[in-house]
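A closer look at the structure
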Amino acid sequence: MKTDVIHVSSDGTGINEALAQAEAVAVYKSLPAKNALHLRLLTEEMMGMVRALTGKREADFWIEDQNGSYQLHLKTETAMNTLLREKLLEVSTTGQNKEATTFMGKLRDMFERSLEPDETGRDPLMHSGMMTGSGVTSIDSAAAGVWSFSLYKSALAKGEGPQEDWDQLEKSIVANVADEVEIGIKDNQVEMVIYKKF
């Protein structure tokens, strides 16, 4: 099953409809209260990330499920370029995005970086401040780059990153509820998919 596609925007347009969509899926699929809550929380976190994107950003949101495996999709076209981002961050005292300190903040920052056209030859997923993994993933294998939460979490568990990153994972709703989060780039589109099996 695939739900209707909801057009959402960083100005708040469509966000209530996306949340209602998650609730409708939970009712339609007769999910137990705890699972319905988890689906709603994951949608809320994804919509919170949309609201926090720089400038006016628009994306499409939908939910798919098959045999109790749910996928929350957020797909958008590229917009900001790397040079513009660097100019904006130069205004900051530290030259860093102060919002990209929590797990969801870093995830949003990586998603935003993925929206930037590749003018510098750098892989936006590799230079996001979060480790990346490689290998087969659920997002279209033809994607230029894919970041995987499970590979990131595994690397942190092995001590291949700062302890504070692990601490942030322990506090994150998405990190504690989602089975997997992937961000993929293909052509001029960026897609985030949150996976949850009930």
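Residues numbered from 1 in each chain as written. Predicted model: local features only at pLDDT ≥ 70, side-chain atom pairs only at ≥ 80, totals over all residues. Heavy atoms only, no water.

Here the focus is the overall build of the protein. Looking only at helices and strands, one finds seven helices and six strands in the protein. Ordered by position in the sequence, the α and β elements of the protein form the string β-α-α-β-β-α-α-β-α-α-α-β-β. Across the 198 residues that make up the protein, the buried fraction comes to 46%. Taking the intrachain contacts of the protein between residues at least 6 apart in sequence as the baseline, contacts between residues at least 24 apart amount to 65%. Total accessible area on the protein stands at roughly 10,000 Å², and carbon and sulfur atoms take up 50% of it. (Helix = DSSP H or I, 4+ residues; strand = E, 2+ residues; numbered from the N terminus. Buried < 20%, exposed > 50% of the residue type's maximum accessible area, 1.4 Å probe, protein only. Contact = heavy atoms within 4.5 Å. Areas by Shrake-Rupley, 256 points an atom, 1.4 Å probe, with all protein chains shown as cover.)

With that settled, consider the pattern of salt bridges. Under the criterion given, the structure shown has four salt bridges. A salt bridge links Glu-23 to Arg-40; the shortest N-O distance between them is 2.3 Å. Here Glu-23 is found in helix α1 (residues 15-28), whereas its partner Arg-40 is found in helix α2 (residues 33-52), with 17 residues between them in sequence. Its relative accessible area of 40% is what places Glu-23 among the partly exposed residues. Here Lys-29 ties to Asp-65 by a salt bridge, and the two come within 3.2 Å at their closest N and O atoms. With Lys-29 in the loop between α1 and α2 and Asp-65 in strand β2 (residues 58-66), this pair connects stretches of sequence that are 36 residues apart. Exposure remark for Asp-65: the relative accessible area of 8% places this residue in the buried category. (Salt bridge = Lys/Arg side-chain N within 4 Å of Asp/Glu carboxyl O.)

By size, the foremost hydrophobic cluster in this structure holds 38 residues, and its most contacted members are Val-8, Met-47, Phe-61, Leu-74, Val-181 and Met-192. Not counting residues up to four positions away in its chain, the partners in contact with Met-192 are Met-46, Met-49, Leu-72, His-73, Leu-74, Leu-107, Phe-111, Val-181, Glu-182 and Ile-183. (Core = buried A, V, L, I, M, F, W, Y, C linked by side-chain atoms within 4.5 Å.)

Further remarks concern unusual backbone geometry. In this structure, Ser-30 takes a positive phi of about 55° despite not being glycine. Here Ser-30 is to be found in the loop between α1 and α2. In this structure, Asn-67 takes a positive phi of about 55° despite not being glycine. Relative to the helices and strands, Asn-67 is located in the loop between β2 and β3 (69-77). The exposure class of Asn-67 is exposed, given its relative accessible area of 69%.

Below, the discussion takes up the confidence of the model for the protein. Taken residue by residue, the protein gives an average pLDDT of 74. The fraction at 70 or more is 65%. For the protein, the element scoring lowest by mean pLDDT is helix α3 (residues 82-90), at 47; α1 scores highest, at 97. With pLDDT under 50 throughout, residues 87-99 is counted as low confidence; its partners more than four residues away or in other chains account for eleven contacts. Scored below 50 in pLDDT, residues 131-143 shows 27 contacts in the model against residues more than four places distant or in partner chains. (pLDDT = per-residue confidence, 0-100.)

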